[in-house]
Each structure stands twice: as C-alpha cells, then as structure tokens.
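Report on the structure
So the chains spell out like this:
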Amino acid sequence: MKKTVLVAGGGGFLGSHLCDRLIEDGNYVICADNFYTGSKDNIVHLMSNQRFEFIRHDITWPLYVEVDEIYNLACPASPIHYQHDPIQTTKTSVLGAINLLGLAKRLRVPILQASTSEIYGDPLVHPQVEEYWGNVNSIGLRSCYDEGKRCAETLFFDYHRQLGVPIKVVRIFNTYGPRMQIDDGRVVSNFVVQALRGHDITVYGDGSQTRSFCYVSDMVDAFVRMMATDGAVTGPINLGNPGEFTILELASMVVKMTRSKSKIVHKPLPKDDPIKRKPDISKARKILSWAPKVELEKGLLATIAYFRQILKTR
Ligand code: UDP
C-alpha cells in the first residue's frame, strides 16, 4: 500500500532527498517548507510529479492535512542560519514539534523527529551512545538549536507516553552531499567551495577537532527504515557515519581531490565548538539493519561535482 507522507522541511537539504526517495518508492508526498533555509531549486524537479504537492508553510503554525506518516525535518540546521534568528530557531523546534505532534495525535499516525547530535553538546563521552545525556550549555550561542531540539525530544516522548502517539526519534550526526547550501558555513560545503574557487581553506582552530561525515543517501535510507519499524521502536537512535576525521584531514582531502591551489589557513575556533564527535551506531545496526555504505571519498566526489555545477551558474 502506497502512503501519503508529510515531509516538513521538504525543501531543505535532507528533506528534498527524502522527498525524492519517497516518490521513487511510489508514495504520495506533501512537502511543507517556508524556504527559510530550504530552496525551490531543491524540489523544482518534483513539481510536475502527480504524486508530489508543495505547501509553503511555517510549522510554528498548525497544519491541517490528512496523511499516513509525518517526517519533521523543519529547522535551520547550520550554525550560521540557526544563530541568525535564535528565537525563531527555538520556536521552530518547540512549537513545530507541538503542532506536528498534535497532527500525529489526531491522525494516529507515526511521526519521525529529526533530532541531532547537538543534543550531546560538547560531549564528555566518546563515541556518543544514546544513553549519554550530554554536556550542553543552556545559555550559549548554540543553545537555541541544542536546547530547542532537546525540548522537542521531550515533547515527542511525552506525547508518546501520555497520549500514545507512535514516535520515531533519530539523532542525526554531520551529513553532507549535493544540495547543501553554498553559504551555510558547514565545513564540507565551505571547504569544497573554497577549493573550487581557489580561495583559502578556512580551518577553525588548529583543525584537530573531529567530526564524522555521513553521505545524504545513507541518511535518508535510515529515515525510511526507522519509519518502517514497528510501534515499539521509538528511538532515540543515532544516525551517522562512525568514520572519524580531523577537520585538517578533511581540508587536505578536499584540496587533493579538487586539485586546488588553495592554501589552508587557520581562523579562530567558534565558541562552544565541540572538540570530538562520533556516533556509536550499534543501535541503528541492530534495530534498522543499517550502516552507512558511502565512503567519504566517494561522497566527496559527488559533492564536488554538484558544487562545480552550481558555481558555473554564479
Ligand atoms: N569548520 C572549519 N572551517 C569552516 C567551517 C567549519 O574548520 O569553514 C569546523 C568547525 O569549527 C567545526 C567543524 O568544522 O569544528 C564542523 O563544523 P560544521 O559547522 O560543519 O558543523 P558542526 O560544528 O555543527 O558539527
């Protein structure tokens, strides 16, 4: 049975790839986005599809639609964007969760929350397991996002316990690929664009901080697997690629792969920048039979090809 699926934030980087996958699987997709960080370019190829419908909508307001499943991917996710209007960022996470959970409750349908590794803050446990409660600053520059997403998790679990809403919470670690925004300040897009333009590669701090990079198709596959689990599976489940790289290693790889003449330069480390981040994905392996398949080098190739194309039009 094909389903009607709501993707909130469907015009964004992850959301648009999820819309593609759901359409490919034969579903009917309702994509809601206010284009705060999402873009029409990401979904323009779906607009003429009979099974795709777009609604311009901000999830801090209630949404009335009839669907079989809900994915909540609506929130600016890069530090530059979520810090631009921090009050709105918290509202998007908290009010957005309340509105979409209300919809899930009325329709009695499963709802997946795109939570984040940021809920672990600057972690003191490495790699991060789901049982770790995190090390989060409640009043810092990242707090609007971190605490907003933490409160959204609280709401999801309370709607589940108190009202029986079927919830699926996934904690997404750094993800990259085509359709990342050129100017969102994320490390992969920054480095690739800088290398292609022949600009300096800006490594913040000494570059010894680590991240784990998951390619977007692997991430979307995990979302779909999570949604397909039975009602007893609520998460939270970590999703990400456990391969760990220093930021300096990433910079060197990008320079080499683009054959760029760019120099690596160092800039100050942003405040509250986590020193280490790497997911423990044992739960995802066991419960979803999932592990990332795309190696960093292969994913970077596709990402470089995408930005090469985008830069031609700028
Ligand atoms: N970073 C960097 N240069 C850049 C952008 C980011 O060195 O031009 C670093 C940043 O300080 C952080 C890591 O790369 O340590 C990942 O940053 P990103 O903003 O992509 O994600 P997050 O900090 O949320 O993991």
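Describing the site of the ligand
In the vicinity of the ligand, 18 residues are found, and the nearest of them are Thr202, Tyr204, Arg211, Asp273 and Arg277. In this structure, an oxygen atom belonging to the ligand sits 2.7 Å away from a main-chain N or O atom of tyrosine 204. At 2.7 Å from an oxygen atom of the ligand is found a side-chain nitrogen or oxygen belonging to arginine 211. With the chains in place, 96% of the 520 Å² that the ligand exposes on its own is no longer accessible. Elements with a minimum of two residues in the shell around the ligand: helix H5 (187-197) and strand E8 (201-204).

Regarding the packing of aromatic side chains
Aromatic ring pairs are reported here in terms of the distance separating the ring centres and the angle at which the planes meet. In the structure shown here, the tally under the stated rule is 6 aromatic pairs. The interplanar angle of 15 degrees and the centroid separation of 4.9 Å between the aromatic rings of phenylalanine 35 and phenylalanine 54 together place this pair among those described as stacked. In this pair, phenylalanine 35 sits in the loop between strand E2 (28-33) and strand E3 (52-56) while phenylalanine 54 sits in strand E3, placing the two residues 19 residues apart along the sequence. Phenylalanine 35 gets classed as buried once you look at its relative accessible area, which sits at 15%.

Some words on the sheet that holds strand E11 (residues 237-239)
Read across the sheet, 7 strands follow the order E3-E2-E1-E4-E5-E6-E11 without closing on themselves; strand pairing throughout is parallel. One side of each edge strand has no neighbouring strand; the edge strands of this open sheet are E3 and E11. On average, each strand axis in the sheet is tilted by 20 degrees relative to the strand beside it, whichever way the strands run. The pairing of strand E4 (residues 69-72) with strand E5 (residues 111-116) spans 3 bridges and is parallel. Across the sheet, residue asparagine 72 finds its bridge partner in E5, namely glutamine 113. Along the sheet face, helix H1 (residues 13-24) touches strand E1 (4-8), E2, E3, E4 and strand E6 (167-172) and points at about 170 degrees away from the line of E1. Relative to the sheet, helix H3 (residues 86-107) contacts E1, E4, E5 and E6, its axis offset from that of E4 by approximately 170 degrees.

Focus: the nonpolar core
If you look at the biggest cluster of nonpolar residues, it comprises 61 residues, and the most contacted ones within it are Leu18, Tyr71, Phe223, Leu239 and Leu300. Of all the elements, helix H6 (residues 216-227) adds the most residues to this core, at 8 residues. Beyond its immediate stretch of four places on either side in the chain, leucine 300 contacts Tyr176, Val188, Leu250, Met253, Val254 and Met257. Val94, Ile111, Phe157 and Val169 belong to the second-largest nonpolar core, a separate cluster that totals 27 residues.

Points about the side chain of lysine 168
Counting through the fold element by element, lysine 168 comes out in strand E6. Buried lysine 168, no salt bridge; nearest opposite-charge side chain is aspartate 230, N-O distance 5.8 Å. When near neighbours in sequence (up to four residues on either side) are disregarded, lysine 168 contacts Ile111, Leu112, Gln113, Met226, Met227, Thr229, Asp230, Gly231, Val233 and Thr234.

Points about the state of the cysteines
Enumeration according to the criterion identifies 0 disulfides in this entry. The thiol sulfur of cysteine 19 is not disulfide-bonded, and the nearest other cysteine sulfur, from cysteine 31, lies at 4.3 Å.

Concerning the environment of leucine 100
Looking at the element boundaries, leucine 100 is found in helix H3. Along the primary structure leucine 100 and serine 78 are separated by 22 residues, whereas in three dimensions their C-alpha atoms are 22 Å apart. Contacts of leucine 100, omitting those with residues within four sequence positions, involve Leu6, Ala8, Ile59, Ile70, Asn72 and Ile111.

Remarks on the pattern of salt bridges
Inspection of the entire model under this criterion finds 16 salt bridges. With its nearest N and O atoms 2.5 Å apart, the salt bridge here joins arginine 142 to glutamate 118. Residue arginine 142 is found in the loop between E5 and helix H4 (143-163), and its partner glutamate 118 is found in the loop between E5 and H4; the two are separated by 24 residues along the sequence. This pair shows no difference in class: arginine 142 is buried, exactly as glutamate 118 is. Of the charged contacts in the structure, one is a salt bridge between glutamate 147 and arginine 150, with a shortest N-O distance of 3.7 Å.

What about the environment of tyrosine 215?
Considering the arrangement of structural elements, one finds tyrosine 215 in strand E10 (residues 214-215). Remark: the alpha-carbon pair of tyrosine 215 and threonine 303, spanning 88 residues in sequence, is separated by 9.3 Å. With residues up to four places along the chain from it excluded, the contact list for tyrosine 215 reads Thr175, Tyr176, Gly177, Pro178, Val294, Gly299, Ala302 and Thr303.

Calculation criteria
- Residues numbered from 1 in each chain as written.
- Predicted model: local features only at pLDDT ≥ 70, side-chain atom pairs only at ≥ 80, totals over all residues.
- Heavy atoms only, no water.
- Near = heavy atom within 4 Å.
- Polar contact = N/O pair within 3.5 Å; in protein donor to acceptor, adjacent residues only side chain to side chain.
- Areas by Shrake-Rupley, 256 points an atom, 1.4 Å probe, with all protein chains shown as cover.
- Helix = DSSP H or I, 4+ residues; strand = E, 2+ residues; numbered from the N terminus.
- Phe/Tyr/Trp six-rings, centres within 6.5 Å; stacked < 30°, edge-to-face > 60°.
- Buried < 20%, exposed > 50% of the residue type's maximum accessible area, 1.4 Å probe, protein only.
- Pairing = 2+ DSSP bridges.
- Axes fitted to C-alpha atoms, helices over the stretch in contact; angles between N-to-C directions.
- Contact = heavy atoms within 4.5 Å.
- Core = buried A, V, L, I, M, F, W, Y, C linked by side-chain atoms within 4.5 Å.
- Lys, Arg positive; Asp, Glu negative; His and termini not counted.
- Salt bridge = Lys/Arg side-chain N within 4 Å of Asp/Glu carboxyl O.
- Disulfide = S-S within 2.5 Å.

Keep in mind these numbers describe shape, not what the thing actually does.
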